[in-house]
Amino acid sequence: MNDEQLLRYSRHILLDEIGVEGQARILAGHALVIGAGGLGSPVALYLATAGVGTLTLVDHDTVDLTNLQRQIVHRQDRIGQPKVASAALTLKAINPELNVQALQEKVDAARLDTLVQSADVVLDCSDNFATRHAVNAACVRHRKPLVSGAAVGFDGQISVYDSRSGHTPCYACVFPPDAQFEEVRCAIMGVFAPLVGIIGSQQAAEALKLLAGLPGSLAGRLQMLDARQMRWSEILLQRDPECRCCGTA
């Protein structure tokens, strides 16, 4: 690290758990973020300010007026612009040395294979089960840790699915693709603005811990937040040996 980096990241370096070595790992890290909306905004901001060396943002959508209530990486004058381009402008203004790869596309399984393979950690900030399962499958195939978050209404959840361990579950173990889950979206149900900030910030924290090599991730634990009462609950997750995705991984 040069002198400017030592100063910029000094508050991380002062932490015994991170130090110079941990910050160097963060600087060398590559995070793939799927979605540049409500969850992707705080995720991208905190990863960028913390010094993640390469940040790949993937989102097919454009900035809309309704996004600005919670998607804090975007600005009023960028309405109509691609979300990934808008996010890149904000992130580079905060941390000019950041390498941002802004991809305006709707990724399929084949594309995810390429993107996930080159990343060190993957953060799912999407809003639908199909994308979450496709991202999870790619992470299992390439043994990449996945930080998955969701938020709608006043309810949020987060976990880490890390197939590298061999004993913790993947996303499909917990939410089987053939199960009947009611899919609700912000456009229909609404979302409490700070909720995505809470869950997204926690996703960023888990990703930074993974990149820095810190122990104690959320792998095997699902945390759920009821923001009406601001009450957290946690359940332990078990790997499904018959899971179609990771059962033979």
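Conventions adopted
Residues numbered from 1 in each chain as written. Predicted model: local features only at pLDDT ≥ 70, side-chain atom pairs only at ≥ 80, totals over all residues. Heavy atoms only, no water. Helix = DSSP H or I, 4+ residues; strand = E, 2+ residues; numbered from the N terminus. Rg over C-alpha atoms; globule rule 2.2 N^0.38 Å. Buried < 20%, exposed > 50% of the residue type's maximum accessible area, 1.4 Å probe, protein only. Areas by Shrake-Rupley, 256 points an atom, 1.4 Å probe, with all protein chains shown as cover. Arc of directions from axis to C-beta. Contact = heavy atoms within 4.5 Å. Salt bridge = Lys/Arg side-chain N within 4 Å of Asp/Glu carboxyl O. Pairing = 2+ DSSP bridges. Axes fitted to C-alpha atoms, helices over the stretch in contact; angles between N-to-C directions. Core = buried A, V, L, I, M, F, W, Y, C linked by side-chain atoms within 4.5 Å. Expected span 1.5 Å × (residues − 1). Polar contact = N/O pair within 3.5 Å; in protein donor to acceptor, adjacent residues only side chain to side chain. Disulfide = S-S within 2.5 Å.

- Going by what an unreviewed UniProt entry lists, the protein chain is known as HesA/MoeB/ThiF family protein and is assigned to Roseateles flavus.

What to know about the overall build of the protein chain
Step number 1: Along the protein chain, the regular secondary structure elements total 10 helices and eight strands.
Step number 2: Taking 2.2 N^0.38 as the reference for a compact globule, 249 residues should give roughly 18 Å; the C-alpha atoms of the protein chain span a radius of gyration of 17 Å, in line with that estimate.
Step number 3: Projecting the C-alpha coordinates of the protein chain onto the three principal axes gives extents of approximately 50 × 40 × 40 Å.
Step number 4: For the protein chain, the proportion of its 249 residues judged to be buried stands at 51%.
Step number 5: With the model as given, the accessible surface of the protein chain reaches about 11,800 Å², and the carbon-plus-sulfur share is 53%.

Thoughts on helix α3 (residues 19-27)
Step number 1: When α3 is considered as a whole, its buried residues turn out to be G19, G22, Q23, I26 and L27. All buried residues of α3 project into a common sector of 145° when viewed along the axis, lining one side.
Step number 2: Those residues of α3 that are buried lie in contact with α1 (3-8), α2 (10-13), α4 (40-50) and α10 (193-212).

Digging into the pattern of salt bridges
Step number 1: Taken as a whole, this structure holds 10 salt bridges when the rule is applied.
Step number 2: A salt bridge links R164 to D162; the nearest nitrogen and oxygen atoms lie 2.7 Å apart.
Step number 3: R164 sits in the partly exposed class, given a relative accessible area of 44%.
Step number 4: What you see here is one network of salt bridges that share partners, running through D155, D226 and R228.

Brief notes about the sheet that holds strand β2 (residues 54-58)
Step number 1: Across the sheet, eight strands lie side by side as β3-β2-β1-β4-β5-β6-β7-β8; this open sheet has mixed pairing. Edge positions in the sheet fall to β3 (99-103) and β8 (231-236), since each has one partner strand and no second. Taking each pair of neighbouring strands and ignoring which way they run, the sheet shows an average axis angle of 15°.
Step number 2: The sheet contacts of α4 involve β1 (30-34), β2 and β4 (121-124), and relative to β1 the element is tilted by about 165°.
Step number 3: The strands that α10 touches are β1, β4, β5 (146-152), β6 (155-161), β7 (221-226) and β8; relative to β5, the one it contacts most, it runs at about 175°.

Let's talk about the nonpolar core
Step number 1: Among the nonpolar cores identified, the biggest contains 41 residues, and L47, L55, L57, L91 and L123 are the most heavily contacted of them.
Step number 2: Elements represented by at least two residues in this core include exactly β1, α4, β2, α5 (83-94), β4, β5, β6 and α10.
Step number 3: Counting residues per element, this core draws most heavily on α10, which supplies nine residues.
Step number 4: Apart from the residues within four sequence positions on either side, L47 is in contact with A31, V33, V52, L55, L123, A204, A207 and L208.
Step number 5: By size, the runner-up hydrophobic cluster in this structure holds 20 residues, among which are L32, L112, V116 and F129.

Topic: helix α7 (residues 129-142)
Step number 1: The end-to-end C-alpha distance of α7, which contains 14 residues, comes to 20 Å, matching closely the 20 Å that a straight helix rising 1.5 Å per residue would cover.
Step number 2: Residues F129, R132, H133, V135, N136, A137, A138, C139 and V140 constitute the buried set of α7.
Step number 3: Tucked inside the fold, the buried residues of α7 contact β1, α6 (109-117), β4, β5 and α8 (171-174).
Step number 4: For α7, the capping residue at the N-terminal end is N128, with a side-chain oxygen 3.4 Å from the backbone nitrogen of A130.
Step number 5: Of the residues one or two after α7, R143 is the one with positive phi, at around 55°.

Description of the state of the cysteines
Step number 1: All told, the structure shown has zero disulfides when counted by the stated rule.
Step number 2: C246 carries a free sulfur, and the closest cysteine sulfur to it, the one in C173, is 3.3 Å from it.

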